[in-house]
Amino acid sequence: MKQVHGGNVFGMGEILDMSANINHLGLPERVHEAVISSSSEWEKYPDPFCTELCEKLAEKLGISAENIVCGNGAADLIYRLVHKFKPKKAVILAPTFGEYPKALAEVGCDISRFYLSEADGFEVDDGFAEMLDSTVNMAILCSPNNPSGRLIRSQVLERIAEKCAELDIILVVDECFSGFAENAVNWRKTGNYIVLGAFTKLYAMAGLRLGYAVCGCTETTEKLRNSGQFWSVSAPAQAAGIAALDEDDYVRKTVSLISRERRYIAEKLTALGMKVYPSDANYLLFKGEAGLDDSLLREGILIRNCGDYVGLSDGFYRTAVRTNAENQRFIEAVRRCVNG
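Nothing here was measured: the structure is a model prediction, and the numbers come from that model. (Residues numbered from 1 in each chain as written. Predicted model: local features only at pLDDT ≥ 70, side-chain atom pairs only at ≥ 80, totals over all residues. Heavy atoms only, no water.)

Chemist: So what exactly am I meant to see when it comes to the overall build of the protein here?
Modeler: Across its full length, the protein carries 11 helices and 13 strands. In terms of overall dimensions, the protein is globule-like: its C-alpha atoms have a radius of gyration of 20 Å, near the 20 Å expected for 340 residues. On the principal axes, the C-alpha backbone points of the protein span a range of 60 × 50 × 35 Å. The buried share among the 340 residues of the protein stands at 54%. Contacts in the protein between residues far apart in sequence, at least 24 positions, make up 71% of those at least 6 positions apart. Distance between charge centroids for the protein: 3 Å, based on 37 positive and 46 negative side chains. (Helix = DSSP H or I, 4+ residues; strand = E, 2+ residues; numbered from the N terminus. Rg over C-alpha atoms; globule rule 2.2 N^0.38 Å. Buried < 20%, exposed > 50% of the residue type's maximum accessible area, 1.4 Å probe, protein only. Contact = heavy atoms within 4.5 Å. Lys, Arg positive; Asp, Glu negative; His and termini not counted. Charge placed at Lys NZ, Arg CZ, Asp CG, Glu CD.)

Here it is, written out as structure tokens:
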């Protein structure tokens, strides 16, 4: 069963959703309380500049609040920046998140793809930088990449950033899943860059919609801030984001659990004859028999069929990493599907 995105469980009844990469710990209780407490503000327009949220984000990230723009999820910011800067030619990864080429196509952009090698575990290397030339206006990366889950090494990111700075290319790096990684990648940022982050996955806030962009220069920040709708982030989403930034213990617990359970799923899938690719995120890309997703759906489990990703084909799947009980249920279902 192919879907444009994971998490489309509406109308399916009782089902274990392994297709959406949301933190299995759920919305932190204090974040839930902050959302409810913000109800007295719902009759007013929200702060269009997310002032308090940006200031708290800036403190957390060690940067100036003047360099931050918040949006209605990272996807909102992807479309805003593409429509604002209207690149004529862009370079992206393959496979990668499908909203990048969709947004670029809306402005008539010529898209070049850097195809990742299955043999190398879909790792991004210096070949991406070699694709950049004076005809390119924008380069979009995803780290950890979706659907592979691979972090891009810091030296590779730095080389790409340097090349983009040399050629005056806007570099967009989507780091929405970086909070799940054990070893965060700190790379030296140069030039006109935009780094995307989101509360959606890490804090289980998909329904609230909250993302942010960190921009490398004031001009880019102002252009992005003045794009899209004026009130792009609701009052409850802003309250949730402010509260979430205090949840350090929750994040540490998440990273530890994800690391352990990711290894568990990888080992069990490998033992069942699947090809599992290295991941640093809360999901795993693996290769199995065609139709496995349909078989699992009959077992009441939904995974992401990745056959629609450019650079992949039928037989590639992505599964979320969830609780041990849910992961065991998933593995037992795969065993039944494989062994009959």
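From this point, the discussion proceeds with the structure in view.
Chemist: Is there a simple way to think about the nonpolar core in this case?
Modeler: Considering soluble globular proteins, one finds that nonpolar side chains tend to be buried as a cluster. Counting residues in hydrophobic clusters, the biggest one holds 86 residues, and the most contacted among them are Phe-128, Leu-171, Phe-199 and Phe-330. At eight residues, helix α9 (residues 248–271) tops the list of elements feeding residues into this core. Among residues more than four places away in sequence, those in contact with Phe-128 are Val-91, Ile-92, Leu-93, Phe-114, Ala-139, Ile-140, Leu-141 and Ile-160. With 24 residues, the next largest nonpolar core counts Phe-85, Tyr-100, Ala-103 and Cys-109 among its residues. (Core = buried A, V, L, I, M, F, W, Y, C linked by side-chain atoms within 4.5 Å.)

Chemist: How should I be thinking about the environment of Cys-164 in this particular structure?
Modeler: Position of Cys-164 among the secondary structure elements: in helix α6 (residues 154–167). The class for Cys-164 is buried, based on a relative accessible area of 2%. Spatially, the C-alpha atom of Cys-164 lies 8.6 Å from that of Tyr-193, the residues being 29 residues apart in sequence. Cys-164 has contacts with Leu-132, Ala-139, Ile-169 and Leu-171, leaving out every residue within four places of it along the chain.

Chemist: So what exactly am I meant to see when it comes to the layout of surface pockets here?
Modeler: Left-over empty space is what a probe sized like a water molecule reveals as it rolls over the atoms. Considering only enclosed or pocket space, the largest pocket measures out at about 860 Å³ in volume. Elements with a contribution of two residues or more to the lining of the largest pocket: α2 (51–61), β7 (193–198), β8 (211–215) and α9. Here the lining of the largest pocket takes five residues from β7, the largest share from any one element. Split into classes, the residues belonging to the lining of the largest pocket amount to 21 nonpolar, four polar and seven charged. (1 Å grid on protein atoms, 1.4 Å probe; cavity = no way out; pocket = protein on both sides within 12 Å on 5 of 7 lines; lining within 4 Å. Points joined across faces, edges and corners; volume = space filled by probe spheres on them. Nonpolar A, V, L, I, M, F, W, Y, C, P; charged D, E, K, R; others polar.)

Chemist: What's the story with a nonpolar patch on the surface in this structure? I'm lost.
Modeler: A surface patch of nonpolar side chains, amounting to about 490 Å² of accessible area, comprises Tyr-45, Phe-49, Phe-230 and Trp-231. By the secondary structure assignment, Phe-49 is in the loop between α1 (29–37) and α2. Judged by its relative accessible area of 44%, Phe-49 is partly exposed. (Patch = residues over 30% accessible without salt bridge, like charges linked within 9 Å, V, L, I, M, F, W, Y side chains within 5 Å. Areas by Shrake-Rupley, 256 points an atom, 1.4 Å probe, with all protein chains shown as cover. Salt bridge = Lys/Arg side-chain N within 4 Å of Asp/Glu carboxyl O.)

Chemist: Help me understand helix α11 (residues 324–339), please; the structure alone is not making it clear to me.
Modeler: Taking 1.5 Å as the rise per residue, α11 with 16 residues should run 22 Å; its terminal C-alpha atoms sit 22 Å apart, in good agreement. Every buried residue of α11 is accounted for by Asn-327, Phe-330, Ile-331, Ala-333 and Val-334. All buried residues of α11 lie within an arc of 160 degrees about the axis, which places them on one face of the element. With respect to the buried face of α11, the exposed residues turned more than 90 degrees away are Ala-325 and Asn-339. (Expected span 1.5 Å × (residues − 1). Arc of directions from axis to C-beta.)

Chemist: Just checking my understanding: could you explain the sheet that holds strand β9 (residues 275–276) for this structure?
Modeler: To summarise the sheet geometry, strands pair through backbone hydrogen bonds and adopt either a parallel or an antiparallel arrangement. Pairing is antiparallel in the open sheet, where four strands are placed in the order β9-β10-β13-β12. Edge positions in the sheet fall to β9 and β12 (304–305), since each has one partner strand and no second. Sheet analysis places β9 next to strand β10 (residues 283–287), joined by two bridges and oriented antiparallel. Paired with Lys-275 across the two strands is Lys-287, which belongs to β10. (Pairing = 2+ DSSP bridges.)

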